[in-house]
Amino acid sequence: SFPPAVKAAKTAAEKYNAYVALDIGPLGQLLEPMGTLCFDDAYELFAQQIKIGVSCGVDMIYIETMSDLYEARAALLAAKEHSSLPVFVTMSFEKDGRTFSGCDPASMAITLTGLGADAIGLNCSLGPKEALPIMEQIAQNTHLPLIAKPNARIPKLIGQNTVFNVNAEQFAKEMVRFAGLGIFILGGCCGTNPDFIARTEKIFKDAYTKRQLPPARSAVCSGSKTVYIDNVCVIGERINPTGKKALKQALINNDIGYILKQAADQLDAGADILDINVGIPDIDQAQTMTRVIKAVQSITNAPLQIDSNDPEVIERALRYYNGKALVNSVTGEENSLKTILPIIKKYGAAVVGLTLDEGGIPDTAQGRFDVAKKIIAAADSYGIPKEDAYIDCLTLT
């Protein structure tokens, strides 16, 4: 039998042939680096809620009102790893087009799409008029079904009361602007009621147009900055210990300050993306990679490239990376393909493919082209889109 809350929801849902969602909101604490709550603790708190909700018989999971992409990632990973239910995710944006933590619509859409959300969008904070341009940016960066649940305009505090100065008819007329985006799930948040929804549904269905999906674009992002890879992009590779004694010693001594200076200097010189490589013996590379990534992300919003061929190091890095990373690299070797590509898919990353295999680097252009085709085909078999695979032709001196 269902617990009382779920039973009541299911009884009501049956009347309307509706579904019951497990509603997951923010934890109320800031995650690192802005706060003190670590990613793993946030993940475990979300996992507890999700496991209980699934056992109670909910039909889906709805993660909503998130202002921190890192927290949304933790909740989405917990949902995906502890259930097979559909998962919707919406975030709340301010008038400046960003969330409280600084997340922009493009980075939000790209990251959550890669992590396997089933529908994404926005809720709360803004009214329909202010929410529309944000929703347009989300739509341009995902193929997923879209959700729009704005407030009944931006609230005002009059005395001790929060007032939404709009009625149901006015709200519906403003909501009709979303019809051209092909919004899949429409609703209202603070200040709305069933009358708002009923009037919106009535006016919306006549104006609705089928969504035109955006063209596929190659991109990587941090939690607050997207870099579209449609031209020359500069990847700074100074955080790589190969041939760098000072960096090797910094990694051994856990001298994060030295590493952060390397990051800052490269950004000042015009790098678009920063490569992170900690490949030296005698250290725990997975632990060090995680520590370095967290530190670098605390001082810059530049997207990062995870540079390793060790599946454990790559998985740890991608789990704690806030955004969509580029991974360098996978090869045409069967073991590399079957161990690394599933990790790329799970975390929604992009990957660099090196044109070498068990026979080494082919001597001819055709040989390398054949390895490239093998890598792309393997990536496709794991569900990694072509725009997320980059080929390094290994041009020699």
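Residues numbered from 1 in each chain as written. Predicted model: local features only at pLDDT ≥ 70, side-chain atom pairs only at ≥ 80, totals over all residues. Heavy atoms only, no water.

J.: So, the environment of T200: which residues are in play, and what are the values?
T.: Residue placement: T200 occurs in helix α7 (residues 194-207). Here T200 falls in the buried class, since its relative accessible area comes to 4%. When the C-alpha positions of T200 and A216 are compared, they lie 31 Å apart, and in sequence the two are 16 residues distant. When near neighbours in sequence (up to four residues on either side) are disregarded, T200 contacts F171, A172, M175 and L186. Among the polar contacts made by the side chain of T200, one reaches the main-chain carbonyl oxygen of F196 at a distance of 2.8 Å. (Helix = DSSP H or I, 4+ residues; strand = E, 2+ residues; numbered from the N terminus. Buried < 20%, exposed > 50% of the residue type's maximum accessible area, 1.4 Å probe, protein only. Contact = heavy atoms within 4.5 Å. Polar contact = N/O pair within 3.5 Å; in protein donor to acceptor, adjacent residues only side chain to side chain.)

J.: Would you mind going over the pattern of salt bridges in detail, with residue names and values included?
T.: Here the idea is simple: oppositely charged side chains can pair when their charged atoms come close. A complete count under the given rule lists 13 salt bridges for this structure. For E174, the salt bridge identified is with R153, shortest N-O distance 2.7 Å. Taken together, the positions of E174 in helix α6 (residues 168-175) and R153 in the loop between β5 (146-149) and β6 (156-158) put the pair 21 residues apart, joining distant regions of the chain. Judged by its relative accessible area of 9%, E174 falls in the buried class. Residue R153 is classed as partly exposed on the basis of its relative accessible area, which comes to 28%. Two residues, D195 and R199, come together in a salt bridge whose shortest N-O distance is 3.3 Å. Here D195 pairs with R199, and both are found in helix α7, just four residues apart, close to one helical turn. Counted as one network, the salt bridges with shared partners bring together E81, E315, R319 and K346. (Salt bridge = Lys/Arg side-chain N within 4 Å of Asp/Glu carboxyl O.)

J.: Describe the state of the cysteines, naming the residues involved and giving the relevant values.
T.: Under the counting rule described, the total for this entry stands at zero disulfides. With no disulfide of its own, C221 lies closest to C103 among cysteine sulfurs, the gap being 8.0 Å. Of the residues examined, C221 reaches a relative accessible area of 0% and is grouped as buried. Among the cysteines around C233, which has no disulfide bond, C221 carries the closest sulfur, lying 13 Å off. Overall, the relative accessible area of 23% leaves C233 in the partly exposed class. (Disulfide = S-S within 2.5 Å.)

J.: Residues and numbers for a nonpolar patch on the surface, please.
T.: A surface patch of nonpolar side chains, amounting to about 310 Å² of accessible area, comprises L30, M34 and F100. Within the secondary structure layout, L30 lies in the loop between β1 (21-24) and α2 (39-55). Overall, L30 belongs to the partly exposed group, its relative accessible area being 40%. (Patch = residues over 30% accessible without salt bridge, like charges linked within 9 Å, V, L, I, M, F, W, Y side chains within 5 Å. Areas by Shrake-Rupley, 256 points an atom, 1.4 Å probe, with all protein chains shown as cover.)

J.: Give me the lowdown on the sheet that holds strand β3 (residues 87-91), citing residues and values where you can.
T.: The six strands are arranged β1-β2-β3-β4-β5-β8 in an open sheet whose pairing can be described as parallel. At either end of the open sheet lies a strand with only one pairing partner, and these are β1 and β8 (185-186). Relative to β5, strand β4 (residues 119-123) runs parallel, the two being bridged by four bridges. Paired with N123 across the two strands is K149, which belongs to β5. Lying over the sheet, helix α4 (residues 105-114) contacts β3 and β4, oriented at roughly 145° with respect to β4. In the packing of helix α5 (residues 128-139) onto the sheet, the strands contacted are β4 and β5, and the crossing angle to β4 comes to about 160°. (Pairing = 2+ DSSP bridges. Axes fitted to C-alpha atoms, helices over the stretch in contact; angles between N-to-C directions.)

J.: Residue-level account of the packing of aromatic side chains, with values.
T.: Under the counting rule described, the total for this entry stands at four aromatic pairs. Consider the rings of F39 and Y70, whose centres lie 4.9 Å apart with planes at 35°: the pair is tilted. Of the two residues, F39 is situated in helix α2 and Y70 in helix α3 (residues 69-82); the sequence distance between them amounts to 31 residues. Clustering of aromatic rings is evident, with ring pairs tying together F39, Y70 and Y320. Over the aromatic face of Y228 sits the side chain of R217, whose NZ or CZ is 3.7 Å from the ring centroid. A cation sits over an aromatic face here: K294 above Y320, 4.7 Å from the ring centre. (Phe/Tyr/Trp six-rings, centres within 6.5 Å; stacked < 30°, edge-to-face > 60°. Lys NZ or Arg CZ within 6 Å of the ring centre and 35° of its normal.)

Honestly, that's just the spatial picture; any functional story needs more than this.
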